[in-house]
Amino acid sequence: MDPLERAFREERAQVVATLARRLGDLQLAEDAVSEAFAAAAGTWPSAGVPDRPGAWLTTTAWRKALDALRRDRSAPGAPADGAVPPAPEPGLHGEDDVLQLLLTCCHPALAVEARVALTLRHVAGLTVPEIAAGFLVPEEAMAKRLVRARTKIRRSGISFELPGPDGLGERLASVQAVLYLVFTEGHLASGDGPAVRAELCDEAIWLARQVHRLVPDDAETAGLLALMLLQHSRTRARSDDVGRLVPFDEQDRSRWDGRAVREARALLATTGTAPPGPYQVQAAIAALHALPDGDVPWARIADLYGLLERMTPSPVVTVNRAVAVGRADGARAALALLAPVLAEGRLDGYAPLHAAHADLLDRAGDATAAATAWRRAAACSRNPAERAALERRAAERGC
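Residues numbered from 1 in each chain as written. Predicted model: local features only at pLDDT ≥ 70, side-chain atom pairs only at ≥ 80, totals over all residues. Heavy atoms only, no water.

Trainee: Which parts of the structure should I look at to understand the overall build of the protein chain?
Mentor: Helix and strand counts for the protein chain come out as 18 helices and 0 strands. Relative to the 2.2 N^0.38 estimate, which gives 21 Å for 399 residues, the radius of gyration of the protein chain is 23 Å and therefore close to what a compact globule would have. On the principal axes, the C-alpha backbone points of the protein chain span a range of 80 × 45 × 40 Å. Out of the 399 residues belonging to the protein chain, those deemed buried represent 48%. In the protein chain, once contacts between residues fewer than 6 apart in sequence are set aside, the share between residues at least 24 apart is 61%. Working note: accessible area of the protein chain is about 18700 Å², and carbon and sulfur atoms make up 52% of it. (Helix = DSSP H or I, 4+ residues; strand = E, 2+ residues; numbered from the N terminus. Rg over C-alpha atoms; globule rule 2.2 N^0.38 Å. Buried < 20%, exposed > 50% of the residue type's maximum accessible area, 1.4 Å probe, protein only. Contact = heavy atoms within 4.5 Å. Areas by Shrake-Rupley, 256 points an atom, 1.4 Å probe, with all protein chains shown as cover.)

Spelled out as structure tokens, the structure:
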């Protein structure tokens, strides 16, 4: 991997978080870090990569931020003539800086959409086009949403410091939702490029670990971390040697990460006997998919999806339940369950709906209708590798 690309993936969030905490201005921090990376692109090829890239970037970004403040002497925090605030010591706050930034991005004073967008942009490092694709909105609209959110953080004086237990509790559900969205973007990326962006999955898991460290007794946080670990455990088996996605039934289980599966099971064992939350239920479903003998208990999975549907009614959950019912009770029963979702039309652009429909039609023996559904699923997919896999399924029907 190119050293600058590696630094962007491994150091960027830490540098942004460190500057944002010191400056109290997320936009200024982001701009300064962008300038620091531009400086690195011009300097490192000839001067060599510094021994501590993160420290170099932090120092350079700090200087860029001070230059910007001097140009705007009326800005809060602008240094007086000759006064140069000391640069933040790189690595001094480490993991807490990034966690502070995450919790700031998930502040309850911000709209939910803004919280997710800010986290994807500033913590996960997604580009504005990537975030816009995830939200199905124009890039310009997403850019304006981010500007408004950053402006609100600055004008409202929202702190970049870690909140107390009460403040953390009210942000926890938002943080969990945002982290899972970051993870799912990595698990099956929406833009061009590889189907799986493992660095996003790794970052979401790392952040979830930090939240779990702060609230080790919160069962839903443990459930979320377990769910991510279980899903990520299959990463090496999800693509073949040329980057094509491999269906779950055809994956080589010897390539699954057994250590991650064991860690997830241990986490679930700590969640106690209280009624589970949605992340715990989803983790339990994922754990059943990962049973060592490979004999997936589809009836039990269908029951758990029924429980999840009662907790959080959603046509997406119904689609997943229909897939499990199809394996447990047959395609006809599942098609009947899926029919209202198809008729309602809310998920017309949702590729997994049409892929599930196509698979059930195949199992019911209707190859012609299945081919049509496979093509529709392919047309809806925003991931090139997934789209190619769906197109192959349609072509196999010869219709």
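Trainee: Where do I start with helix α2 (residues 26–47) in this structure?
Mentor: Side chains of residues three or four places apart in an α-helix project in the same direction, reflecting 3.6 residues per turn. End to end, α2 covers 30 Å across 22 residues, agreeing with the expected 32 Å (1.5 Å per residue, within 8%). Within α2, the axis deviates most sharply at Ala-41, by approximately 30°, and proline Pro-45 lies no more than four positions further along. The backbone nitrogen of Gln-27 has a side-chain oxygen 3.1 Å away, supplied by the residue at the start of α2, namely Asp-25. Note on α2: the residue one or two positions beyond its end, Gly-48, has a positive phi of about 95°. (Expected span 1.5 Å × (residues − 1). Bend = angle between axes of the 7 residues up to and from the residue. Polar contact = N/O pair within 3.5 Å; in protein donor to acceptor, adjacent residues only side chain to side chain.)

Trainee: It is not clear to me how the nonpolar core should be interpreted in this structure. Could you clarify?
Mentor: Across soluble globular proteins, nonpolar side chains have a tendency to be buried as a group. Judged by nonpolar contacts, the single largest core of 82 residues is most densely connected at Leu-19, Leu-26, Leu-179 and Met-228. Per element, the largest residue contribution to this core is 9 residues, and it comes from α2. Among all residues touching Leu-26, those that are not within four sequence positions of it are Val-16, Ala-20, Leu-101, Cys-105, Leu-118, His-122, Arg-150, Ile-153 and Phe-160. Counting 34 residues, the second largest nonpolar core, distinct from the first, contains Trp-298, Ala-302, Tyr-305 and Ala-370. (Core = buried A, V, L, I, M, F, W, Y, C linked by side-chain atoms within 4.5 Å.)

Trainee: Help me out: how do you make sense of the packing of helix α12 (residues 278–289) against helix α13 (residues 298–311) in this one?
Mentor: A pair of packed helices can be characterised by two numbers: the angle between their axes and the separation between those axes. In the contact formed by α12 and α13, the axes pass within 10 Å of each other and the chain directions differ by 165°. As judged from the angle between their axes, α12 and α13 are roughly antiparallel. Along this stretch, α12 crosses α13, giving a crossing that reads as left-handed. Here α12 contributes Pro-278, Val-281, Gln-282, Ala-284, Ile-285, Leu-288 and His-289 to the contact with α13, which in turn contributes Trp-298, Arg-300, Ile-301, Leu-304, Tyr-305, Leu-307, Leu-308 and Met-311. In terms of residue class, the contact of α12 with α13 is made up of 12 nonpolar, 2 polar and 1 charged. (Axes fitted to C-alpha atoms, helices over the stretch in contact; angles between N-to-C directions. Parallel < 35°, antiparallel > 145°, perpendicular 65-115°, else oblique. Left-handed = near helix turned anticlockwise from the far one by under 90°. Nonpolar A, V, L, I, M, F, W, Y, C, P; charged D, E, K, R; others polar.)

Trainee: Help me understand the layout of surface pockets, please; the structure alone is not making it clear to me.
Mentor: Approximately 660 Å³ is the volume attributed to the second largest pocket. The wall of the second largest pocket is formed by 29 residues, among which Phe-8, Arg-9, Glu-10, Glu-11 and Glu-203 lie closest to the centre. Along the lines of polarity and charge, the residues of the lining of the second largest pocket split into 11 nonpolar, 7 polar and 11 charged. (1 Å grid on protein atoms, 1.4 Å probe; cavity = no way out; pocket = protein on both sides within 12 Å on 5 of 7 lines; lining within 4 Å. Points joined across faces, edges and corners; volume = space filled by probe spheres on them.)

Trainee: Looking at this structure, how should I read the state of the cysteines?
Mentor: Joining two cysteines, a disulfide is a covalent bond between their sulfur atoms. Taken as a whole and assessed by the stated rule, the structure comprises 0 disulfides. Lacking any disulfide linkage, Cys-105 is separated from the closest cysteine sulfur, that of Cys-106, by 6.5 Å. Residue classification places Cys-105 among the buried residues on the basis of a relative accessible area of 0%. The exposure class assigned to Cys-106 is buried, which follows from its relative accessible area of 0%. (Disulfide = S-S within 2.5 Å.)

Trainee: Whenever I open this one, helix α15 (residues 331–344) confuses me. Can you help?
Mentor: Compared with the 20 Å implied by 1.5 Å per residue over 14 residues, the 20 Å span of α15 between its first and last C-alpha is a close match. Along α15, the helix axis deviates most sharply at Leu-338, where the bend reaches about 35°; the proline Pro-340 sits within four residues downstream. Within the span of α15, buried status applies to Ala-331, Ala-334, Leu-335, Leu-338 and Val-341. In this structure, the buried side of α15 is in contact with α14 (315–329) and α16 (351–363). Once α15 finishes, Gly-345 follows within two positions and takes phi at roughly 85°, a positive value.

Trainee: Looking at this model, I keep getting lost on the pattern of salt bridges. Mind explaining?
Mentor: If the charged atoms of two oppositely charged side chains come close together, the side chains can form a pair. One pass over the structure, following the stated rule, counts 14 salt bridges. Two residues, Glu-5 and Arg-9, come together in a salt bridge whose shortest N-O distance is 2.9 Å. Taken together, the residues Glu-5 and Arg-9, both in helix α1 (residues 3–23) and 4 residues apart, mark about one turn of the helix. For Arg-9, a relative accessible area of 39% gives the class partly exposed. Among the ionic pairs, Arg-121 bridges to Glu-30, the shortest N-O distance being 3.9 Å. With a gap of 91 residues between them, Arg-121 in helix α5 (residues 112–123) and Glu-30 in helix α2 connect regions that are remote in the sequence. Of the residues examined, Arg-121 reaches a relative accessible area of 18% and is grouped as buried. (Salt bridge = Lys/Arg side-chain N within 4 Å of Asp/Glu carboxyl O.)

Trainee: Got a minute to help me understand the packing of aromatic side chains in this structure?
Mentor: Centre distance and the angle of the planes are the two values used to describe a pair of aromatic rings. If you walk through the whole model with that rule in mind, you get 5 aromatic pairs. Ring geometry for Phe-8 and Phe-37: centres 5.4 Å apart, planes at 65°, overall edge-to-face. With Phe-8 in helix α1 and Phe-37 in helix α2, this residue pair connects regions lying 29 residues apart in the sequence. Judged by its relative accessible area of 35%, Phe-8 is partly exposed. Geometrically, the ring pair formed by Tyr-180 and Tyr-279 is edge-to-face, given 5.9 Å between the ring centres and 80° between the ring planes. (Phe/Tyr/Trp six-rings, centres within 6.5 Å; stacked < 30°, edge-to-face > 60°.)

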